[in-house]
Amino acid sequence: MKTPKRFVPTLTELRALSAVSRHKSVSAAAEELNVSQPTVSYHIKRLEERWETKLFRTQGRSLVQTEFAQDLLHDVYAINESIDKLSQRLNEKGAQKPLSISTSSSFASIFLVPRIEQFRRRYPQTPIRVNVANRFVDFSEDQIDIAIRLLTKPAQTMSLTEPNMVIPLPNETMRIVCSPQYLDELKQQTGDFKTDPTSILGHAKIIDEDGTFYWSKFLSIYAPRFTDESRADLSYNNADLVLQSAIAGQGIAIVRELYVADAISKGELVEPFTATIPCERMFQFVLPETRMQSAVGLAFIDWLGKEIQAAKLRT
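What you see is a predicted model, and the numbers here were worked out from it, not measured in a lab.

Draft legend 1. Region of interest: the overall build of the chain. Across its full length, the chain holds 12 helices and 11 strands. Scored against the burial criterion, the 315 residues of the chain give a buried share of 41%. Sequence-distant contacts in the chain: of pairs separated by 6 or more residues, those separated by 24 or more amount to 74%. For the chain, the accessible area works out to roughly 18100 Å², and carbon and sulfur atoms hold 50% of it.

Here is the structure:
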């Protein structure tokens, strides 16, 4: 009998040999390996051809090993056991690989951080790294798995209204908000208080996010007489600062609904009137094109997408 020197059986072939030996049956081995019977038979036949010997013989309805197969089985079992242990270790290490999220500072501090513990409880073995960057990231260089970005809705989906995996809230709106105390102050300043934009904004201090145009757009639609007087009394270059300023009772602000949802539910902010305008940009998940997303990454996208959808306010 002659064995080719360079022949190295594959792991699949060794698993087939091990399973048939233990079960004494091709069909039972196929069921364990979750493959078809012909597939197992093919692997055994290939080994027999390369080793130029029979590995099994029929004894009643069972298959029993030949002397040659019996001499191999101890090593075959050891190899399969070692591979299984290595696979388990790699899976455990993979579960501990950090999930790296990139997003803006405002979204992180206002929306993500208060909620992220919910996700961590589901995947306690997965470290999470949040990378705050108000810029596009290099997925490979920055080692980012998932980015959450404010992007313009793609032209081909401008009429999109229903959420999807990439754009969980396509129809988000900008809301006018202030603290309950500040609204009470406005009511005291005018004897004949009316809850309409023109009446309220005639007495209110305006808080603005520097570099945005939402106040101008809102005023041109709902309070055109103030369009030329829309200079902000307070201006910040970050949405979370605008939000905190409004909660502190420093004036009236226009903020996207995802950012005000929690504060409104806690009673920290109120809407003095119901007029809204649509957001020009919306949060989208951006994923690396060169690698598959992990199971934990997909779970995070699904979880956060549902959190975003749940935060939508009633119009």
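That shown, we press on.
Draft legend 2. Geometry of helix α5 (residues 105-112). For α5, the buried fraction is high: 7 of the 8 residues fall into the buried class. If you check which residues of α5 are buried, you get S105, S106, F107, A108, I110, F111 and L112.

Draft legend 3. Structural view of the sheet that holds strand β3 (residues 99-103). Pairing is mixed across the open sheet formed by 4 strands, whose spatial order is β4-β3-β5-β11. A single partner strand is all that each edge strand has here, and the edge strands are β4 (128-132) and β11 (281-286). The average angle at which neighbouring strand axes cross in this sheet is 25 degrees, direction not considered. By the bridge criterion, 6 bridges tie strand β5 (residues 146-152) to β11 in an arrangement that is antiparallel. Each residue of the ladder has a partner; that of T152, found in β11, is R281.

Draft legend 4. Representation of the sheet that holds strand β9 (residues 252-256) within the structure. The sheet built from 5 strands is open, its strands ordered β8-β7-β9-β6-β10 with mixed pairing. Across the chains shown, the open sheet's two edge strands, defined by having one partner strand only, are β8 (234-236) and β10 (276-278). Each strand of the sheet is rotated relative to its neighbour by a mean of 25 degrees, with strand direction disregarded. In this structure, strand β7 (residues 206-209) lies alongside β9, joined through 2 bridges in parallel fashion. Each residue of the ladder has a partner; that of I207, found in β9, is A253. The strands touched by helix α9 (residues 214-222) are β6 (173-177), β7, β9 and β10; relative to β10, the strand with the most contacts, the crossing angle is about 120 degrees. In the packing of helix α11 (residues 257-265) onto the sheet, the strands contacted are β6 and β9, and the crossing angle to β9 comes to about 115 degrees.

Draft legend 5. Quick look at helix α10 (residues 239-247). For α10, the full list of buried residues reads A239, D240, V242, L243, S245 and A246. Elements in contact with the buried residues of α10: α5, β7, β8, β9 and α11. Just past α10, the residue G249 takes up positive phi, approximately 80 degrees.

Draft legend 6. The arrangement of the nonpolar core in detail. Formed by 36 residues in total, the largest nonpolar core has its most connected members in F107, I148, L258, Y259, F300 and L304. If one sorts the elements of this core by residue count, helix α12 (residues 295-310) sits on top with 7 residues. For L304, the contacting residues outside a window of four places in its chain are F107, F111, L112, I148 and F285. By size, the runner-up hydrophobic cluster in this structure holds 23 residues, among which are L219, I254, A275 and I277.

Draft legend 7. Representation of the packing of aromatic side chains within the structure. Following the criterion strictly, the structure yields 12 aromatic pairs and no others. Considering the side-chain rings of F218 and Y222, the 4.8 Å spacing of their centres and the 35 degrees angle between planes classify their relative orientation as tilted. One end of the pair is F218 and the other is Y222, both in helix α9 and 4 residues apart, which spans about a single turn. Take F218: its relative accessible area is 0%, and that puts it in the buried class.

Cut-offs and rules
- Residues numbered from 1 in each chain as written.
- Predicted model: local features only at pLDDT ≥ 70, side-chain atom pairs only at ≥ 80, totals over all residues.
- Heavy atoms only, no water.
- Helix = DSSP H or I, 4+ residues; strand = E, 2+ residues; numbered from the N terminus.
- Buried < 20%, exposed > 50% of the residue type's maximum accessible area, 1.4 Å probe, protein only.
- Contact = heavy atoms within 4.5 Å.
- Areas by Shrake-Rupley, 256 points an atom, 1.4 Å probe, with all protein chains shown as cover.
- Pairing = 2+ DSSP bridges.
- Axes fitted to C-alpha atoms, helices over the stretch in contact; angles between N-to-C directions.
- Core = buried A, V, L, I, M, F, W, Y, C linked by side-chain atoms within 4.5 Å.
- Phe/Tyr/Trp six-rings, centres within 6.5 Å; stacked < 30°, edge-to-face > 60°.

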